[in-house]
Structures are given as structure tokens and as C-alpha cells.
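Structure assessment
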Amino acid sequence: MTNQIIDNDINADGHLQIDGCDAVELAHQFGTPLMVYNVSAIRNQFHQFNKVFEQNDIEYEISYASKAFANTAMYQLVNQEGGHIDVVSGGEIAVALHAGFPAAKMSFHGNNKSLEELRIAIQNHVGVIMVDNFHEIELINQVVEELDETTNVIMRITPGITAHTHEFIQTGQVDSKFGFDLASGQVEEGFELLHKNSRVHVLGFHAHIGSQISSPDGFNALAVKMMQLANKFNTEYDFTTEVLDLGGGFGIQYVSTDGYLAPEKFVESIINTIKEQASQYNLQIPAIWIEPGRSIVGSAGLTLYTVGSQKRVDGIKPYVTVDGGMGDNIRPMLYGAEYEVVSANNPRAQPVEEVRLVGKYCESGDVLIKNASVPSLNSGDVVAVLDTGAYGYSMASNYNLNLKPAIVFVEKGKAQLVTKRQSFENLYELDNNLELGD
Ligand SMILES: Cc1ncc(COP(=O)(O)O)c(C=O)c1O
Ligand SMILES: N[C@@H](CCCC[NH3+])C(=O)O
């Protein structure tokens, strides 16, 4: 969305509206902080991805990386859109199953899956396990034997590509904790071990080079490496790569100075490179899978807060405090991430000053926006921090024992509470009274 609010985003009362719902009314009805997702925007991003594959007549899957944002309704929405999901823990599998999401459309990721998690995945016939390392191969072999089951796997490889993004969210460089190292022959070694087990079916290869990437170059380099790999395995092992999964990582625009490339344009570029490589090697084009997270939900979500206290000292940039902060959005503190904010009461109001938009947590670093250009804001006003849909709620914490926010989905003028705000009881319901001491 970013702060280029268009007429469509403003209703007759002059308030911010999200897919036909008044943001100020949502804040009053459901309380703040409140996460609001525009369901039409999520559906539209699925359609854009589908369209680019279909126009190119490519077999594909859109495997939504649910670490970006997951709850029961989100898994159900992805299912309505015909997507697959990428899950990374027993917890994500459990919530997806609870939502009625088909196990066969899940890809199970992780660099340290436990024996128990692998048992859950294999018992429930999860579609594919993205095998990450040699230890995991042993565990998979053990579980399929023990449960008298079979499983599909895709090998995650570390391609040796350094994506242009924040160091904390690069994953494709040689020095990474994820995947089988391509350059040193680990992929061949792992493949031979997997291939030996008739209960394990290798579908192909996966790589994910990082997140919030703004240029297609790294993806094109990845597509070249992956097709080289497919060709090598075809020649040396007579192995047909059925699936190449190129991960996610397509960046979104958080602030107006961020470059913008529509997420489906990254995919178009990947498809073109794979087509060229396939014709060069005279290989059949494998099914192409992608795992977008941020590009599906990032700009579809925003956070509504209510303004509270303000601190003003001559010569110091003012502090404007909202009723949430680092507990619902750790990204500014963790990655120096930037966001834009608008007044939900009057999104057209001209900025009159630069302030620090800060949270209510006991940390000086709890700053949501360092340089927020805002109109005159008063206590009780509702503000919207835009583009918070990815890795906000999913990395939320109960720091200071603050409650995690509620989540509302809106679509065409209708709003639905899809996750309740936590209650104080939720904060102690797992605790036992102390029995030690006097
Ligand atoms: C394996 C894998 N796939 C997909 C994603 C989703 O990335 P993004 O949300 O940047 O699209 C991630 C996260 O970076 C990941 O680790
Ligand atoms: N949590 C990160 C993205 C990590 C992607 C997971 N592999 C972010 O907010 O940008």
C-alpha cells in the first residue's frame, strides 16, 4: 500500500477504508492494536502469480510460506485459492490441519526437524519433506521404516548465491545454516543416500536465497544453477527432476523510496531463464514451485494503533506513543525495517512535523518509525502503520506481558474477527503455583 493513499482508500467520512471497511470503526469495534488484512488483496496476489504461470503454460505450485503470517483463517484462505503451503514446525502443521488444510499440499521445511515432527508429517502424509541435511536423512529413514510408510522429498540446496538484502535474511550464500552445500558435492552425497531408500521418492531440488529481495538478478542466477543441477543429475544419475522449487523472497515496497517490482515480474523472469536453460540442455521443463510469503500478505496487512502520550522537549524530535510496539512488530528493531504511517481519521491531512512513533514497551529501542512525517496527532486518534502483514504478528511476543493483538479479515465491506485478542488469562493459564520453598 505504502503511504500513497489513493481515493479508493478513503471513504465519504474522510476516514481510511480497507476493502470497503472504515478503519476508525474497525478500531472502535475490535480495539487496538489491531491487525487488519485485506482479503481481496491476498486473493489478487495469488491470481497474479497463477496468471504468469498459466500464460507461460508451466506446471506450477504457489506454496505460501506460512511463517510470514498464519492462523486458521489464513490457511483456509490459501486453500480457497488453491495454493500449497510451506510449513516449518509441528505447530504450523497442527494449525493447518486444524484449519482443514490438506496435508498433501504441505511442504515441510526446517534445518532441525525433530523426530517427533517428522513422525507427525509422515503419519499425516504431508505432500513433501524439504530435506535439509544428513542428520535429517537418517531421521527420515528411521521414521518411514518405523511407521511402514513412504514419503516424497525435495532436497534443499545451498546454491552459493548472496542475495542483495539484509544479512539476517540472506539464506543462499555458502556460509548458511540451511541446506546441502552445492559446491562441495553434498548434494550428490545426500541424493545417493536418499535414492537408496525405496520408501523415499526424490521429486527434485529446492533453494531459497533470502527475503525482501528487490532485483530479479539473484533469482535468474539461481534458475541457471538449478537447471545446471537438473542437467547434471539427468546425465549422471538418469534422474528426472520433476520439481524445481525456487523459494520465495520477492520484495515489497515498505516506503516510497523502496524500489518496486511486482512480485509476479520476478516469477516471469525466473520462468524465462528456466525456459532458456531447458532448451539449451534439451531438458523437459520441470514443474516450477515458488514459496512467496511476504509478497502475498505484506502489503495486504496493516496495524491500527491508538495514539496515547506524547513527549516534547525543545530541540528534540518528539515522541508520539501508540498502544502497541515491538511486541506486535519487532522488524524495525531487528532489521532496521522502515514503515509509513497515516492518520486513519484523516489520511489526507498534510504532515506538519517529523516525530518518532514509539511503542509502549520498556525499551528505548521500541521505535516503530524513526522519522514519521505526521499531521497533528492527538491522544485517541487512530493511526495505521502500513504494510505490516508479513512477519509482524507471526513474530509477535508477550514481552512485558502485553497481549498479542486481535486480527480482522476484511473483504468487500465485511469484517470478520479471525483471531481474538489475547486475554490476561492466556498469560498465566500454562503456569503452576510455586510449590518449592516455604
Ligand atoms: C525456505 C523459505 N521459503 C520461503 C520463504 C518466504 O520468503 P518471503 O516471505 O520473503 O517470500 C522463506 C523465508 O525467507 C524461506 O526460508
Ligand atoms: N522475518 C524476516 C524474514 C525471514 C524469512 C524467513 N526465512 C523478516 O521479517 O523480514
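Because the structure is predicted, anything quoted here is derived from the model rather than measured.

Moving on, we come to the overall build of the protein chain. Counting its secondary structure elements, the protein chain contains 12 helices and 20 strands. A compact globule built from 438 residues should have a C-alpha radius of gyration of about 22 Å, and the protein chain, at 23 Å, falls within 12% of that. Seen through its C-alpha atoms, the protein chain measures out along the principal axes to roughly 70 × 65 × 40 Å. Counting every position in the protein chain, which comprises 438 residues, the buried fraction comes to 56%. Long-range pairs, those at least 24 residues apart, make up 69% of the contacts in the protein chain with a sequence separation of at least 6. If you sum the accessible surface of the protein chain, you get close to 19200 Å²; carbon and sulfur atoms cover 46% of it. Taken together, the 28 basic and 55 acidic charged side chains of the protein chain have centroids lying 4 Å from each other.

The method is simple in principle: a probe with the dimensions of a water molecule rolls over the atoms, and the space it marks as empty is what remains. There is about 680 Å³ of room inside the largest pocket. Taken together, 34 residues form the lining of the largest pocket, with Lys67, Thr171, Phe178, His208 and Tyr391 sitting closest to its centre. Residue assignment for the lining of the largest pocket shows that the elements contributing at least two residues are α10 (294-297) and α11 (331-335). Of the residues that constitute the lining of the largest pocket, the class distribution is 10 nonpolar, 16 polar and eight charged.

Let us look at the UniProt feature "binding site: pyridoxal 5'-phosphate" (unreviewed entry) in the protein chain. In this numbering, the UniProt entry assigns the feature "binding site: pyridoxal 5'-phosphate" (unreviewed entry) to Gly249, Glu291, Pro292, Gly293, Arg294 and Tyr391. Checking the annotated residues one by one, the ones that line the largest pocket turn out to be Gly249, Glu291, Pro292, Gly293, Arg294 and Tyr391. Structurally, Pro292 can be placed in the loop between β12 (287-290) and α10. Of the residues examined, Pro292 reaches a relative accessible area of 0% and is grouped as buried. With sequence-adjacent residues up to four places away left out, Pro292 is seen in contact with Phe49, Ile62, Ser63, Tyr64, Ala65, Gly248 and Phe250. Its location among the elements puts Gly293 in the loop between β12 and α10.

Bringing the site of ligand 1 into the picture now. Around ligand 1 sit 16 residues, and of these His208, Ser211, Glu291, Arg294 and Tyr391 come closest. Gly249 has a polar backbone atom sitting 2.8 Å from an oxygen atom of ligand 1. Between an oxygen atom of ligand 1 and a main-chain N or O atom of Gly293, the distance comes to 2.9 Å. Considered on its own, ligand 1 offers 390 Å² of accessible surface; in the complex 92% of this is hidden by protein. A per-class count over the shell around ligand 1 returns three nonpolar, eight polar and five charged.

Three or more residues of helix α1 (residues 23-30) are buried, namely Ala23, Val24, Leu26, Ala27 and Phe30. Relative to the axis of α1, the buried residues are bounded by an arc of 160 degrees and lie together on one face. Away from the buried face of α1 by more than 90 degrees, exposed residues Glu25, His28 and Gln29 are located. Measuring from the side-chain oxygen of the N-cap residue of α1 to the backbone nitrogen of Val24 gives 2.8 Å; that N-cap residue is Asp22. At the C-terminal side of α1, Gly31 shows a positive phi close to 80 degrees.

Calculation criteria
Residues numbered from 1 in each chain as written. Chains lettered and ligands numbered in written order. Predicted model: local features only at pLDDT ≥ 70, side-chain atom pairs only at ≥ 80, totals over all residues. Heavy atoms only, no water. Helix = DSSP H or I, 4+ residues; strand = E, 2+ residues; numbered from the N terminus. Rg over C-alpha atoms; globule rule 2.2 N^0.38 Å. Buried < 20%, exposed > 50% of the residue type's maximum accessible area, 1.4 Å probe, protein only. Contact = heavy atoms within 4.5 Å. Areas by Shrake-Rupley, 256 points an atom, 1.4 Å probe, with all protein chains shown as cover. Lys, Arg positive; Asp, Glu negative; His and termini not counted. Charge placed at Lys NZ, Arg CZ, Asp CG, Glu CD. 1 Å grid on protein atoms, 1.4 Å probe; cavity = no way out; pocket = protein on both sides within 12 Å on 5 of 7 lines; lining within 4 Å. Points joined across faces, edges and corners; volume = space filled by probe spheres on them. Nonpolar A, V, L, I, M, F, W, Y, C, P; charged D, E, K, R; others polar. UniProt positions renumbered as here; feature names shortened; annotations may be inferred. Near = heavy atom within 4 Å. Polar contact = N/O pair within 3.5 Å; in protein donor to acceptor, adjacent residues only side chain to side chain. Arc of directions from axis to C-beta.

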